[in-house]
Amino acid sequence: MQMPDGLPAEIDLSRPSAARVYDYFLGGAHNFEIDRQLAEQIAAMTPNLPATMRAGREFLRRAVRALLDAGIDQFLDIGSGIPTVGNVHEVAQAANPKARVVYVDIDPVAVAHSRELLSGNDLTGVIHADLRDPERILAEARRLDLLDFDRPLGILLAGVVHFVPDADRPADIMATLRAAAAPGSHLVVSHSTFEDQPQEMLDAQRLSARTATEISLRSRAEITGFFGDWTILEPGVVHMELWRPESPSEVAENPERFGAFGGVARNDQPVG
C-alpha cells in the first residue's frame, strides 16, 4: 500500500515530524495536518518562531556562500530536512554549476520528498541516516561517489545537533565527522540555546518532546566545543543574525530573539 504522494506505507502520520514542522514554518508544502497542528500550537506560544526558522535558513545560505567563496565545491548537509526554495544545492549550483551536494536526514518523509524533488539532478544525492551514526553517514556518502573526501568538504549541521541528547555523546559524533574531512574543509553549525532566552521560548522547546526528536538547548561554550580544534572564522560563534549579515538592515536590535548560535570553522590541520 502507498501513502498519498507516493510515500511509503511505513511512514507514521499519527505523530508530528520535526522535519515536516520545519518545512511548514519555511512555507513548504511537504507537511501534514498533524504537523501543522503542532506548528500552530508552538507558534501561538512563540509568535516569532516562523521568523526564527527563516533566520536559520538565511544563516545557512550565507554560510554556504562563504564556503563557496573559500573554494568549497562539495557539501555534506546533515539534517537537511526537506529541500525548499533556496536550499543548499540551489545556492551552491547557482554559483558553481559543478558543485555537489549530499543531503542526509533521519525522517523518511524528508528523504522520500527529497529524492523526488532532486530526481534528475545528477550532482545531488540523498541518504536516509541518523546523525547519531556518523560512520554510516560517511560510508553511505562514499558509496554514492559524489563527494571526494580527499579534497576540502563543507560539512553542514544547521539546526540538527540540538536533536542529539548528551547521552548520545554529540561531541564524539562531531569528532568523527571532523576526522573524516581533509585539510581545508569547513564545518557549519547552528544550534538552539537557552542563553538570553525568555521563558516562553523555553516553554515552546518543551513541546518538541511530542516529536521523535526532542531539542537539547546548549550554551555558547558547549556549541563552540563542537568545532574541536578547527579554526573558528570571524565573527565567531554568535547569534545567527550576527554571522556575516549582508547588510546592517538585516540585523535587528535584539538578534538574540532567535534563540540560536551559529558559526563556521576551517580545518587548518596539516596533512598527516
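All residue numbers refer to positions counted from 1 along the written sequence of the respective chain. Given that this is a predicted model, residues contribute local features only at a pLDDT of at least 70 and side-chain atom pairs are listed and counted only at 80 or more, while totals for whole chains, interfaces and linings are drawn from all residues. Just so you know, side-chain values use all the structure's heavy atoms and leave hydrogens and water out.

**Here we look at the packing of aromatic side chains**
Argument step 1. A pair of aromatic rings is counted whenever rings of Phe, Tyr or Trp (Trp by its six-membered ring) have centres within 6.5 Å, and the orientation is called stacked for planes under 30 degrees apart, edge-to-face for over 60 and tilted otherwise. On inspection of all chains with the given rule, the structure shows 2 aromatic pairs.
Argument step 2. Measuring from ring centre to ring centre gives 5.8 Å for Phe-59 and Trp-243, while their planes differ by 85 degrees; the resulting arrangement is edge-to-face. Of the two residues, Phe-59 sits in helix α3 (residues 49-69) while Trp-243 sits in the loop between β7 (238-239) and β8 (260-266), which places them 184 residues apart along the sequence.
Argument step 3. Either the NZ atom of lysine or the CZ atom of arginine qualifies as a charge over a ring when it sits within 6 Å of the ring centre and within 35 degrees of the ring normal. Lying over the aromatic face of Phe-149, Arg-142 brings its terminal NZ or CZ to 4.5 Å of the ring centre. Think of it this way: any DSSP run of H or I at least four residues long counts as a helix, any run of E at least two long counts as a strand, and we number them from the N terminus.

**A look at the pairing of strand β2 (residues 100-105)**
Argument step 1. Among the 6 residues in β2, 5 count as buried, and that is most of the element.
Argument step 2. Strands pair, by our definition, only if DSSP identifies at least two bridges between them. Relative to β2, strand β1 (residues 74-78) is paired through 5 bridges, and the arrangement is parallel. Paired with Ile-78 across the bridge in β2 is Val-104.
Argument step 3. In terms of strand pairing, β2 meets strand β3 (residues 124-128) through 5 bridges, oriented parallel. Residue pairing for β3: Asp-105 is matched across the bridge by His-128.
Argument step 4. With strands facing away from the observer, any crossover in which the path from the first strand over the helix to the second runs clockwise is taken as right-handed. Crossover β2 to β3 through helix α5 (residues 108-117) is right-handed. Three exposure classes are used, based on accessible area relative to the maximum for each residue type with a 1.4 Å probe and protein chains only: buried under 20%, partly exposed in between, and exposed over 50%.

**What about the nonpolar core?**
Argument step 1. Residues grouped as a nonpolar core are buried Ala, Val, Leu, Ile, Met, Phe, Trp, Tyr and Cys residues, joined through side-chain atoms within 4.5 Å. Grouped together as the largest cluster of nonpolar side chains are 33 residues, with contacts concentrated most on Leu-76, Ile-78, Val-104, Leu-131, Leu-157 and Leu-187.
Argument step 2. Of all the elements in the fold, those that place two or more residues in this core are β1, β2, α6 (134-144), β4 (154-158), α7 (170-179), β5 (186-192) and β8.
Argument step 3. Contacts were defined at the residue level, with two residues in contact if any of their heavy atoms lie within 4.5 Å. The contacts of Val-104, once residues within four sequence positions are left out, are Leu-76, Asp-77, Ile-78, Gly-79, Ser-80, Ile-127, Ala-129 and Ile-137.
Argument step 4. One finds Val-111, Ala-158, Phe-258 and Val-264 within the second-largest nonpolar core, a separate group that totals 29 residues.

**Topic: the pattern of salt bridges**
Between side chains of opposite charge, a pair can form as their charged atoms come close.
Argument step 1. Any carboxyl oxygen of Asp or Glu that lies within 4 Å of a side-chain nitrogen of Lys or Arg is treated as forming a salt bridge with it. Applying the stated criterion across every chain yields a total of 12 salt bridges.
Argument step 2. Notably, a salt bridge pairs Asp-35 with Arg-20, separated by 2.6 Å at the nearest N-O pair. Residue Asp-35 is located in helix α2 (residues 33-45), and its partner Arg-20 is located in helix α1 (residues 18-25); the two are separated by 15 residues in the primary sequence. Here Asp-35 matches Arg-20 in class, with each residue buried.
Argument step 3. Notably, a salt bridge pairs Arg-61 with Glu-58, separated by 2.3 Å at the nearest N-O pair. Of this pair, Arg-61 and Glu-58 both sit in helix α3, separated by 3 residues, roughly a single helical turn.
Argument step 4. Arg-61 gets classed as buried once you look at its relative accessible area, which sits at 17%.
Argument step 5. Here the salt bridges share partners, and the residues they tie into one network are Asp-130, Arg-132 and Asp-168.

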